[in-house]
Amino acid sequence: MISKEMGLLDLLLVIAKHKVFVTIFCFLAAICAITYSLLTPTYWESAATLKPVSEQDGLGSFGSNLLEMVGGGVISTPQSELGTDFINIMKRREFREEVVRRFNLIPYFKITEADSSRAMALAIRELMESVVNIVWDEENSLIVLRTETRDKVLSRDIARYYLDYLESYTLNTKMSKGRLKREFLEKQVSKHMRDADSLAIAMRDFQVKNRSIAIDQQTESLVKLYGDTASQVMQAQIEYEMAKTQYDAKAPQLLKMAEKIKLMEDRLKDLEDGKQGFTPRYIVKIDKIPDLSMQYAQLMINVDIKKRIIEYLYPQYELAKLEELKDLPTFEIYDQPQIAGIRSKPKRALIVVITTLAAFLFSIVIVMLKESLLVENKEKIEQIIGALKRKG
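Residues numbered from 1 in each chain as written. Predicted model: local features only at pLDDT ≥ 70, side-chain atom pairs only at ≥ 80, totals over all residues. Heavy atoms only, no water.

*Asks:* What's the story with helix H8 (residues 152-172) in this structure? I'm lost.
*Replies:* For H8, spanning 21 residues, the distance from its first C-alpha to its last is 30 Å, which sits close to the expected 30 Å at 1.5 Å a residue. Every buried residue of H8 is accounted for by Leu154, Ser155, Arg156, Ile158, Ala159, Tyr161, Tyr162, Leu163, Tyr165, Leu166, Tyr169 and Thr170. Two or three places before Val153, at the start of H8, stands the capping residue Asp151, its side-chain oxygen 2.9 Å from that residue's backbone nitrogen. (Helix = DSSP H or I, 4+ residues; strand = E, 2+ residues; numbered from the N terminus. Expected span 1.5 Å × (residues − 1). Buried < 20%, exposed > 50% of the residue type's maximum accessible area, 1.4 Å probe, protein only. Polar contact = N/O pair within 3.5 Å; in protein donor to acceptor, adjacent residues only side chain to side chain.)

Encoded structure:
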């Protein structure tokens, strides 16, 4: 064995004695490292950074620092919770399967399994182990997304697809209380607006069918007309009775007055019956006034109810839309994924340097073992070899 008292000078002496072997060994190792680094596939990385944004961010940096001071860095902030949620969303198996199918990664990973389910499982594992890396930067409250493939464009496209999926999921799939409230109010507003439209159509049909443009004014005009006609009939009857005391029953004056009364009574009767010959087209018939008034009042009550309901619901609906936007988790993209200009691996210079250094150390171990076995224990080795020969 090597003497424990062997110093640096002894080590340098051993290396100097075997300098040719050490040099050749390191040179060959360097050649192998260069060849490997040139033949190994080139990989390109595309990265994106995004920051979760929540309503509580209004506290500002002071609020965040205060939470860290109070919690000693243990209390999780809304940003860290959102960041964890976003990472879990991007790691969903359903989405990973979609990435594999969209970018046809099974042939990329050279998977030849006949079973499609097994091939998909292997591709998903390769995707997460060698292509996609998603981490949460606690210090800067950022999500860092990195994708690395043999194609620089593919790396960029996969990273962009992850960001697009996250945005689509948060906007269209992730349910929140604000969204549920907004959808409920939206349905209620739509329902009552449809009812209001139906009432408007019913009101129009009612007016067309009954020729009632403004039933209150029409009724008032009709009553006034009827009253005027009735009073005229009464006045004529009084005058006729007075004339009977002065003239003979067959006097022309009485006959003329009787004829006038008869015409006025017929007009009054026509007014009561609502005959078209006397009553104007848009004058409501007196005998229909009670029924039409009741129908019209019911329609107006329904219209007023719907109006009040819509006036109550619509402001709440608009407010719910604003609350939904505040409640919906969002993120800001700080760095968009770009096409890489420099390969991420292999790092050829580093490979050559580390390999050469390792070869140098290994060569030292070899020459030291050789020096120990063949020089210091040379006599013992020769005795062992001689004993083996004599036995033979």
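What follows picks up the thread again.
*Asks:* I'm lost on the packing of helix H5 (residues 93-102) against helix H7 (residues 116-131) in this one. Help?
*Replies:* Where H5 meets H7, the closest approach of the two axes is 10 Å, and the angle between their N-to-C directions is 95°. Considered as vectors, H5 and H7 are oriented roughly perpendicular to each other. Residues Arg93, Arg96, Glu97, Val99, Val100 and Arg101 of H5 form the contact with H7, whose own contacting residues are Met120, Ala121, Ala123, Ile124, Leu127 and Met128. (Axes fitted to C-alpha atoms, helices over the stretch in contact; angles between N-to-C directions. Parallel < 35°, antiparallel > 145°, perpendicular 65-115°, else oblique. Contact = heavy atoms within 4.5 Å.)

*Asks:* Which parts of the structure should I look at to understand the sheet that holds strand S4 (residues 330-335)?
*Replies:* Note on sheets: strands pair through backbone hydrogen bonds, and any given pair is parallel or antiparallel. Read from one edge of the open sheet, four strands run S2-S3-S1-S4, paired in antiparallel fashion. The sheet is open, and its two edges are formed by strand S2 (132-137) and S4, each paired on a single side. Across the sheet, the mean angle from the axis of one strand to that of its neighbour is 25°, orientation sign disregarded. In the packing of H8 onto the sheet, contacts are made with strand S1 (44-53), S2, strand S3 (142-149) and S4, and the angle to S3 comes to roughly 145°. (Pairing = 2+ DSSP bridges.)

*Asks:* Got a minute to help me understand the pairing of S3 in this structure?
*Replies:* Here is the key point about a regular strand: its side chains alternate between the two faces of the sheet. In terms of burial, S3 is largely enclosed, as seven of its eight residues are buried. As defined by bridge partners, S1 adjoins S3 across seven bridges and the pair is classed as antiparallel. Directly across from Glu45, in S3, lies its bridge partner Glu148. Of the pairings in the sheet, the one linking S2 to S3 comprises six bridges and is antiparallel in character. Among the inter-strand pairings, Trp136 is bridged to a residue of S3, identified as Ile143.

*Asks:* Quick question: what am I supposed to make of the packing of aromatic side chains here?
*Replies:* The geometry of an aromatic ring pair is captured by the separation of the ring centres together with the interplanar angle, meaning the angle of the planes. Under the criterion given, the structure shown has nine aromatic pairs. Ring centres 5.6 Å apart and planes at 15° place the aromatic pair Phe95 and Tyr161 in the stacked group. Note that Phe95 is positioned in helix H5 and Tyr161 in helix H8, a separation of 66 residues in sequence. Classification of Phe95 by relative accessible area gives buried; the value is 1%. A relative accessible area of 16% means that Tyr161 is categorised as buried. Taken together, the ring pairs in this structure connect Phe95, Phe103, Tyr161, Tyr162, Tyr165 and Tyr169 into an aromatic cluster. For Lys152, the ring lying beneath its charged end belongs to Trp44, and the centroid distance is 4.2 Å. When the ring centre of Tyr43 is taken as reference, the NZ or CZ atom of Lys345 above it lies at 4.7 Å. (Phe/Tyr/Trp six-rings, centres within 6.5 Å; stacked < 30°, edge-to-face > 60°. Lys NZ or Arg CZ within 6 Å of the ring centre and 35° of its normal.)

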